[in-house]
Every structure is written in structure tokens, then in C-alpha cells.
Amino acid sequence: MDYELETIRQKVKECTKCELSKTRTKSVPGKGNFQSDVIFVGEAPGRNEDKNGEPFVGIAGQKLSLALEGAGISRESIYITNVVKCRPPNNRVPTISERETCHDYLQKEISIIKPKIICILGNTAFNSILGGSEITKYRGKIVKKDNQLYFLTVHPAATIYNQELMAVLKQDIIKLFDLIRELKNGKQILADIDYST
Ligand code: URA
Ligand code: SF4
């Protein structure tokens, strides 16, 4: 475990910076391999995550694991986190203020891990990190912003009652790891959307 990341974990566990700290059971720091080439970013912990203190351990997590398996990737080899680290009551979408208050933790996770690419899972992460909307329109695309690459895909929870979307998620995750392989081989990746120009 990386020392700096462990410090963030502890801070998240004890954090009371926003109102969500009053209703959570456990806060949910990011989890996984600190040397990962990719960070997956979801929205916020749900019921199971709130109970266990770990990200993506409920049904949405099972969907994500399935999609990863389809690309031959284990959960342990990657790093997973959320835009906000505490569960919003009744799983409502976290407010702009909650997201902004929590943003520093995500920023630190990214600057410590320095992933080759960040995988955005769903609209809340898309909106919070890149100011985007309509993920179903942009999914599968590569974004470049401030010298960081991002890959956009749907939220695993959206695939729970939608087999077609599950197929889309699986296909996207395969594309993502193909891209990572190319990046590691030193290939230049052209972004579909480049915010730096
Ligand atoms: N949904 C999320 O966005 N994150 C989790 O950790 C679990 C479900
Ligand atoms: Fe702190 Fe983030 Fe939890 Fe709010 S959501 S209490 S800012 S860790």
C-alpha cells in the first residue's frame, strides 16, 4: 500500500466535511492497486458499499466485475473510486456542493496513482470531472483534458435491467484495455474530444 494513499484513506474514513457524513454508515475510500494504469470513477457508494466501506461491492459491482472478466482483467489489478465517498440518502444523486467538497480526495487519488487513463462510469462522474452530460451519446470515446486521458462508458448500475447496455459496457471495457495496451507500447492515442485545443 502506498503511504500517501493510505493517508487519504484515513482522512476519508474520518471526514465530516459535508452533510453526507451525518447519514452514512461507513465512508468509502477508493480501493485497489495503487500502481494501476487506470482509475475507474463511479458516482457514490450505494447501500452495500455504505455497509462494507468498499466501492462497488453490490450488484453494480458484480456487473463491473463481469465486464472486467470479459476483458481478462481482475478487480485486484485496477483501482476503483467514486466522485463522493459517502452514500447519499436513498441513493439520490450527490449535489454539486457535495461533489465539490469531496473533489479534493479524488484529485489526490489521481495525482498519487498517475493513471495512464481514467475510466468515467456514467453521467455523474462525466459531469463532475469533465462537465459533460449524455454519457450514452459519448460512451466509447476518448477524451483529453489538461494532459490527462479519459475513457467514457456507462454506469454499471444502468446495466442491471438492461442486457443491451451490459453488452455495451463489456465492449467498452475491452476497448479500454486495448487502448491501455497500446499506450504501454508507446503508441500515440488520438482523443475523440480534446479540451486542450
Ligand atoms: N455505484 C457507484 O457509483 N459506486 C459504487 O461504489 C457502487 C455503486
Ligand atoms: Fe467527506 Fe466526501 Fe464523505 Fe462528504 S462525501 S463527508 S466530503 S468523504
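Predicted, not measured: the structure shown is a model, and the values here were computed from it.

Procedures and definitions
- Residues numbered from 1 in each chain as written.
- Chains lettered and ligands numbered in written order.
- Predicted model: local features only at pLDDT ≥ 70, side-chain atom pairs only at ≥ 80, totals over all residues.
- Heavy atoms only, no water.
- Helix = DSSP H or I, 4+ residues; strand = E, 2+ residues; numbered from the N terminus.
- Buried < 20%, exposed > 50% of the residue type's maximum accessible area, 1.4 Å probe, protein only.
- Polar contact = N/O pair within 3.5 Å; in protein donor to acceptor, adjacent residues only side chain to side chain.
- Contact = heavy atoms within 4.5 Å.
- Near = heavy atom within 4 Å.
- Areas by Shrake-Rupley, 256 points an atom, 1.4 Å probe, with all protein chains shown as cover.
- Nonpolar A, V, L, I, M, F, W, Y, C, P; charged D, E, K, R; others polar.

Asker: Can you lay out the side chain of Asn82 for me, pointing to particular residues and giving the numbers?
Answerer: For Asn82, the location among the structural elements is in strand 3 (residues 79-82). Here Asn82 falls in the buried class, since its relative accessible area comes to 2%. Separated by 3.2 Å, the side chain of Asn82 and the backbone nitrogen of Glu43 make a polar contact. Each residue touching Asn82, except ones within four places of it in the same chain, is listed here: Val41, Gly42, Glu43, Ala44, Pro45, Pro55 and Phe56.

Asker: Give a description of the site of ligand 1 that names residues and reports values.
Answerer: Surrounding ligand 1, one finds Gly42, Glu43, Ala44, Glu49, Pro55, Phe56, Asn82 and His155. Between a nitrogen atom of ligand 1 and a side-chain N or O atom of Asn82, the distance comes to 2.7 Å. Coverage of ligand 1 by the protein amounts to 91% of the 230 Å² it exposes when considered alone. Here the residues of the shell around ligand 1 sort into 3 nonpolar, 3 polar and 2 charged.

Asker: Any chance you could break down the side chain of Asp50 for me, citing the residues and the numbers?
Answerer: Tracing the backbone through its elements, the reader meets Asp50 in helix 3 (residues 47-52). Separated by 2.4 Å, the side chains of Asp50 and Thr25 make a polar contact. What Asp50 contacts, discounting residues up to four positions off in sequence, is Arg24, Thr25, Lys26, Val28, Pro45 and Arg87.

Asker: Give a description of the site of ligand 2 that names residues and reports values.
Answerer: Inspection of the region around ligand 2 gives Cys15, Lys17, Cys18, Leu20, Ser21, Arg24, Lys85, Cys86, Thr101, Cys102 and Tyr105 as its neighbouring residues. Of all elements in the fold, only helix 2 (20-23) and helix 5 (96-113) reach the threshold of two or more residues within the shell around ligand 2. Broken down by element, the shell around ligand 2 gets its largest block of residues, 3 residues, from helix 5. Each residue belonging to the shell around ligand 2 can be placed in one class, and the counts come to 6 nonpolar, 2 polar and 3 charged.

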